[in-house]
Amino acid sequence: MQLGKIELWNRGTLTRLAILSTILISLISGIWLSMIAMPGKSYSGTIPPLTAQEISLRDALERDVEKLSGEIGERNFIQYQKLGEAADFLEGSFQTAGYKVERQGYKIDDKFYYNIEVEIPGGKKADEIVVIGAHYDSVVGSPGANDNATGAAGVLALARMFADKKPEKTVRFVEFVNEEPPFFWTADMGSLVYAKRCRERNEKIVSMLSLETIGYYSDAKNSQKYPAPLNLFYPTSGNFIGFIGNTSSSKLVREAIASFRRHAEFPSEGAAIPGGIPGVGWSDQWSFWQHGYPGLMVTDTAPYRYPYYHTAQDTPDKVDWERTAKVIAGLEKVVADLVGVDIN
C-alpha cells in the first residue's frame, strides 16, 4: 500500500514537471517570437530583372568595390597608406556628388585616423538625425570586398541618391574607420569615437543603419547558419537580407523592415534580440547602442553565410552585384521613409 502511494506521488510529480516544462517552453517560445515577428511579409519567388536605374546602380557598386578592395586592397592600421587612399577615395566621391565633406580625425599611436561624414540638413524636423553608415577598413590579411567594401559602396550609392533631396529630418552618410580588430569594441573603434562625439554634443540621433557585409547570397539549402536559438526560426537558404537590432532598437527594426517589404521585391528577415547573442552587435550599430541611440545592422549575416569572411579570398568576384543592387534600391526607399522625403 505504501509503495502504491509513492508510485502515485512520483507519477503526479512527473506530470506536474511535464506541465511546467511545457509552460516554460511556451513562454520562452512566445518571448522569442515577439522579438522576431516582423511586420509585412518577406518576398518570395523570382526576383525581377534589374531596371535601367538599378543597372546603373549595379555598375556603380561594382566600380566602387573594385576600387576599394581590388585596386586599393587591404586597408587598415597595418596597411596605413592604403587606409589613407581609401579615405581619400571616399572623400573625393562624396565631393563629386556635391557634398561638403567633414573628416573627423583622431590619433592612435601618433597616426591619424578619419571618419568621413557628409550631411543633408533637415527641414521641419532638423533636430532629428538619421545616420547611414558603414566601415571602410578591412581586417588584416584581407582585401575586404564583401566585408566591407560593399557596405562602404552602399553608403556612397545612397548618398548620391539623396544629394538633391530635401528631407524633413537631417540625414548623415558616414564612412567609419577602424571597425575591425584590434579596435573592434574598443574606445578606438571609429564609430564609437563618432557616437561619443554625438552624445557629447547632445545630438538627437533617432535612427542609425549600419551596412555590414551585404553582397553574398545563395539559394542553396543549408547555405545559411545561425547562432542558437535563431536556427529554429529562420530559413536555411542564404538568399535574404537581414535587419538586425538589439531589443532597445525594436521600433526601428520593425519600421525599417516594414518599409523594405513594402517597396522591395527581395527576401528579407528581421530580428530585435538581445545584443549579447553572437553576431547581433558585430558592427558599427553597437557603438551607437553604447550611447543610447537606436541602431540596426543591414547584413547578409557575414560569417553565418559567407565562406570567405575575414580571408584573403574576400575578393570582388565573390559579390553578387545584381542582388546587392536590389538591396540598395530597396534601402533607398527605407531611408526616404525614415528621413521624410518623397522620392517617387
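Residues numbered from 1 in each chain as written. Predicted model: local features only at pLDDT ≥ 70, side-chain atom pairs only at ≥ 80, totals over all residues. Heavy atoms only, no water.

By the naming in an unreviewed UniProt entry, the protein chain is Bacterial leucyl aminopeptidase, taken from Microcoleus asticus IPMA8.

(A) Expanded view of the sheet that holds strand β2 (residues 111-120). The 8 strands are arranged β1-β2-β4-β3-β5-β8-β6-β7 in an open sheet whose pairing can be described as mixed. Either end of the sheet is taken by a strand with one partner, and the two such strands are β1 (102-108) and β7 (268-272). Strand-to-strand twist across the sheet, computed as the mean angle between neighbouring axes with direction ignored, equals 20°. Bridge count between strand β5 (residues 204-212) and strand β8 (residues 296-299): 4 bridges; the pairing is parallel. (Pairing = 2+ DSSP bridges. Helix = DSSP H or I, 4+ residues; strand = E, 2+ residues; numbered from the N terminus. Axes fitted to C-alpha atoms, helices over the stretch in contact; angles between N-to-C directions.)

(B) Spatial organisation of the UniProt feature "domain: Peptidase M28" (unreviewed entry) in the protein chain. Following the UniProt record, the feature "domain: Peptidase M28" (unreviewed entry) maps to residues 115-328 here. In residues 115-328, helix accounts for 26% and strand for 22%; the two terminal C-alpha atoms are 22 Å from one another. (UniProt positions renumbered as here; feature names shortened; annotations may be inferred.)

(C) View of the packing of helix α2 (residues 52-72) against helix α4 (residues 145-162). Where α2 contacts α4, the axes come no closer than 9 Å and their chain directions differ by 130°. Considering the angle they form, α2 stands oblique to α4. Note that α2 runs across α4; the crossing there is right-handed. When α2 is examined against α4, the residues Leu 57, Ala 60, Leu 61, Asp 64, Val 65, Leu 68 and Ser 69 are found in contact with a partner set consisting of Ala 145, Ala 149, Thr 150, Ala 152, Ala 153, Gly 154, Leu 156, Ala 157, Arg 160 and Met 161. When its residues are assigned to classes, the contact of α2 with α4 shows 12 nonpolar, 3 polar and 2 charged. (Parallel < 35°, antiparallel > 145°, perpendicular 65-115°, else oblique. Left-handed = near helix turned anticlockwise from the far one by under 90°. Contact = heavy atoms within 4.5 Å. Nonpolar A, V, L, I, M, F, W, Y, C, P; charged D, E, K, R; others polar.)

(D) Quick peek at the pattern of salt bridges. Enumeration over the complete set of coordinates arrives at 21 salt bridges. Note that Glu 54 is salt-bridged to Lys 326, the shortest N-O span being 2.9 Å. Separated by 272 residues along the polypeptide, Glu 54 in helix α2 and Lys 326 in helix α8 (residues 321-339) bring together distant segments of the chain. In this pair, the class of Glu 54 matches that of Lys 326, namely buried. (Salt bridge = Lys/Arg side-chain N within 4 Å of Asp/Glu carboxyl O. Buried < 20%, exposed > 50% of the residue type's maximum accessible area, 1.4 Å probe, protein only.)

(E) Representation of the packing of aromatic side chains in the model. As enumerated under the stated definition, the model contains 20 aromatic pairs in all. With a centroid separation of 5.4 Å and an interplanar angle of 80°, the aromatic rings of Tyr 80 and Tyr 113 are classed as edge-to-face. Remark: Tyr 113 occurs in strand β2 and Tyr 80 occurs in helix α3 (residues 80-96); sequence separation between them is 33 residues. A residue is classified by how much of its surface remains accessible, and Tyr 80, at 29% relative accessible area, is partly exposed. Aromatic pair Trp 282 and Tyr 304: ring centres 6.1 Å apart, planes at 10°, arrangement stacked. (Phe/Tyr/Trp six-rings, centres within 6.5 Å; stacked < 30°, edge-to-face > 60°.)

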